[in-house]
Amino acid sequence: MSAPPSALFTDLYQLTMMQGYLQAGLGDEEACFDLFFRTNPFGGGYTVFAGLEDALEYLASLHFTDEDIAYLHSLKIFSAGFLDYLRRFRFNGEVYSHTEGSIVFPLEPVLRVKAPLFEAQLVETALLNIVNFQSLIATKSARICHEAGEDRVVEFGLRRAQGVDGGITAAKAAYIGGCSATSNVHAGKIFGIPVKGTHAHSWVTAFPDELSAFRKFVEIYPVNPILLVDTYDTLKSGIPNAITVGQEMKERGGNLFGVRLDSGDLAFLSVETRRMLDSAGLADVKIVCSNELDEHIIHDLGIQGARIDLYGVGTRLVTAHGEPATSGVYKLAAIRRAGEDWRMKLKFSEGMKKASLPGVKQVYRMSGADGAMMADLIELENGEPDFSAGVWGFHPAMEYHRKFYSGVAAAQPLLTPAMVDGVITASIPPLAETRDRVKRELDKLHPTVKRLLNPHIYKVSLGPRLNTATKKLREELAR
């Protein structure tokens, strides 16, 4: 699992606020926090939600060890009474969530946490760490795989990943986003992801010549071997030697699976490689390409007519090249004392990009008769709109900009129970099923939302009741 190993996996101010709430008499307050993204990463039109399984595992196992308490005592900022409380601490809250692998959009809650204020505050840092990174990599993977085509990308990024945990977690998130396999053997073991690999240039240079290196490799690994052909000269040496080995395998009743290009002009080299392989009677041999690939380069290779069957994508996938962090935040939306009504809360800023939405909310995904995603509506909980009659949606920042949604064939509530009283209630499917969910949801999304440049903005609107409450609260705070 990629869940944090310790309750100390948090920022110091979470603990100081936690103690402060108790000392300020707010220990009986129940809070509702929303985790949401302010923008889609990479200038794209959507975000893939990932990290739920690890988030729930973290919450369910959260506790402070004796060593944790001893360290906090050494800081000399926490009272003995508070440290005694931490010894007994368990998360007893409620979590509503999108299903992992869902396509989500800015401002809508993807996780909703209800718990005593000090409990809900403590978990902010870890939840953001888990969801932000995994959603970022899953989204990058989905963008790359959309350009490459289904089941045509293998994640190759372990050696360039951001540390050990980054490499493991990135492999998991990349698989959720659409990669068909990983080179990371440990990730394959713990997550059940298919593992794939070829050989390095050092294999070729360790032998007296390239041909003997290729012959020995297919002798040892005769099932689906892939030969790396750019150690010396791709077209004058690598491909001719691979053709020789491929023909020898064919005569023995075997098959060379593929050749890998790892440098040079991949568009030109792939076209020439395909021509040479076909002319030699090896039309079934695949061409695999690697070397600093991402969604933009793969898109351009397609435009140039490259003849590439499979892509090995590493550095730019696992490091989220182009956007090193996503914009997930965790904000207080409502608070109440036992037996009282919720008091709505929001962050109100001069820059509306940093404002939040108040209240305990639900998100509805509206679809048309063809099953395609139409828009999402955020509305206050307990009072589902009558979608059959059409519904007004309001711009989240500009209250007077509105749109009437008609022809809604279905409206699915997206936030469903994932944890009750600190116990996981959500059914966590195998990782392959989560990966399939991403594919299904992307198929429902209009192609204009998925394009790389200037994607169409998928509409996320406020329902009438939430719009009225938000407008009223903003006006009160402005005064």
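To be clear, the structure that these remarks concern was listed above.
Everything numeric in this text was worked out from a predicted model, so none of it was measured.

Turning next to the overall build of the protein. Per the secondary structure count, the protein includes 17 helices and 21 strands. If you line up the protein on its principal axes, its C-alpha atoms span 80 × 60 × 35 Å. The buried share among the 479 residues of the protein stands at 52%. Considering only contacts within the protein whose residues lie at least 6 apart along the sequence, 74% involve residues at least 24 apart.

Bringing the side chain of Q14 into the picture now. Mapped onto the elements, Q14 comes out in helix α1 (residues 12-23). A distance of 2.9 Å separates a polar atom in the side chain of Q14 from a polar atom in the side chain of Q121. Ignoring any residue separated from it by four or fewer positions in sequence, one finds Q14 in contact with Q121, L122, E124 and T125.

The next thing to look at is the pairing of strand β9 (residues 258-261). Because side chains alternate across β9, one face comprises the buried residues G258 and R260, and the other comprises V259 and L261, equally buried. Across three bridges, strand β8 (residues 226-228) lies against β9 in parallel orientation. Counted as the bridge partner of I226 is G258 from β9. In terms of handedness, the path from β8 via helix α11 (residues 234-251) over to β9 forms a crossover that is right-handed.

The buried fraction of strand β5 (residues 111-116) is high, at five of six residues. With six bridges connecting them, strand β1 (residues 30-37) and β5 associate as antiparallel partners. For D34, the partnering residue across the bridge sits in β5 and is R112. By the bridge criterion, four bridges tie strand β3 (residues 94-97) to β5 in an arrangement that is antiparallel. By the bridge assignment, V95 is partnered in β5 with V113.

Further remarks concern a nonpolar patch on the surface. A cluster of nonpolar side chains, contributed by L12, Y71, L75 and I77, occupies part of the molecular surface with about 350 Å² of accessible area. Along the chain, L75 falls in the loop between α3 (66-74) and α4 (80-87).

A word on the sheet that holds strand β10 (residues 286-289). Across the sheet, six strands lie side by side as β7-β6-β11-β10-β9-β8; this open sheet has parallel pairing. Looking along the sheet, the strands with just one partner apiece sit at the ends: β7 (181-182) and β8.

Let's shift gears to helix α7 (residues 163-177). Since the α-helix advances by 3.6 residues per turn, residues separated by three or four positions end up pointing in the same direction. With 15 residues, α7 ought to run about 21 Å at 1.5 Å a step, and its terminal C-alpha atoms sit 20 Å apart, in line with that. For α7, the full list of buried residues reads G166, G167, I168, T169, A170, A171, K172, A173, A174, Y175, I176 and G177. Two residues or fewer past α7, G178 is found with a positive phi of approximately 140°.

Looking at the secondary structure, you find V318 in helix α14 (residues 315-318). Along the chain, V318 and T65 lie 253 residues apart, while their C-alpha atoms are 33 Å from each other. With near-sequence residues (within four places) excluded, V318 lies in contact with F133, I137, E155, G157, R160, A161 and A170.

What follows concerns the packing of aromatic side chains. Per the counting criterion, the structure on display carries twelve aromatic pairs. Ring geometry for F64 versus F89: centroids 6.0 Å apart, planes at 75°, classification edge-to-face. Pair noted here: F64 is in the loop between α2 (52-61) and α3 and F89 is in the loop between α4 and β3, with a separation of 25 residues, a long-range link. Centre to centre, the rings of F105 and Y458 are 4.0 Å apart; their planes meet at 20°, and the pair counts as stacked. One end of the pair, F105, is in the loop between β4 (103-104) and β5; the other, Y458, is in the loop between α16 (447-450) and β21 (460-462), and 353 residues separate them in sequence. Taking the relative accessible area as the measure of exposure, F105 reaches 1% and is therefore buried. Of the residues examined, Y458 reaches a relative accessible area of 7% and is grouped as buried. Above the ring of F42, the side-chain terminus of K140 is found at 4.6 Å from the ring centroid. When the ring centre of W392 is taken as origin, the NZ or CZ atom of R402, which lies over that ring, is 3.9 Å away.

This paragraph deals with the layout of surface pockets. Approximately 800 Å³ is the volume attributed to the largest pocket. Lining the largest pocket are 32 residues, with P106, L107, H395, P396 and I457 positioned closest to its centre. Within the residue set of the lining of the largest pocket, elements represented by two or more residues are β16 (391-394), β17 (402-405) and β21. No other element matches β17, which puts three residues into the lining of the largest pocket. Along the lines of polarity and charge, the residues of the lining of the largest pocket split into 14 nonpolar, eleven polar and seven charged. Size it by volume and the second largest pocket reaches roughly 600 Å³. Considering the residues around the second largest pocket, the lining is formed by 23 residues, among which F156, R159, R260, D262 and S290 are closest to the centre. When the residues that make up the lining of the second largest pocket are grouped by side-chain class, the tally is six nonpolar, eleven polar and six charged.

Definitions and limits used
Residues numbered from 1 in each chain as written. Predicted model: local features only at pLDDT ≥ 70, side-chain atom pairs only at ≥ 80, totals over all residues. Heavy atoms only, no water. Helix = DSSP H or I, 4+ residues; strand = E, 2+ residues; numbered from the N terminus. Buried < 20%, exposed > 50% of the residue type's maximum accessible area, 1.4 Å probe, protein only. Contact = heavy atoms within 4.5 Å. Polar contact = N/O pair within 3.5 Å; in protein donor to acceptor, adjacent residues only side chain to side chain. Pairing = 2+ DSSP bridges. Right-handed = clockwise from strand over helix to strand, strands pointing away. Patch = residues over 30% accessible without salt bridge, like charges linked within 9 Å, V, L, I, M, F, W, Y side chains within 5 Å. Areas by Shrake-Rupley, 256 points an atom, 1.4 Å probe, with all protein chains shown as cover. Salt bridge = Lys/Arg side-chain N within 4 Å of Asp/Glu carboxyl O. Expected span 1.5 Å × (residues − 1). Phe/Tyr/Trp six-rings, centres within 6.5 Å; stacked < 30°, edge-to-face > 60°. Lys NZ or Arg CZ within 6 Å of the ring centre and 35° of its normal. 1 Å grid on protein atoms, 1.4 Å probe; cavity = no way out; pocket = protein on both sides within 12 Å on 5 of 7 lines; lining within 4 Å. Points joined across faces, edges and corners; volume = space filled by probe spheres on them. Nonpolar A, V, L, I, M, F, W, Y, C, P; charged D, E, K, R; others polar.

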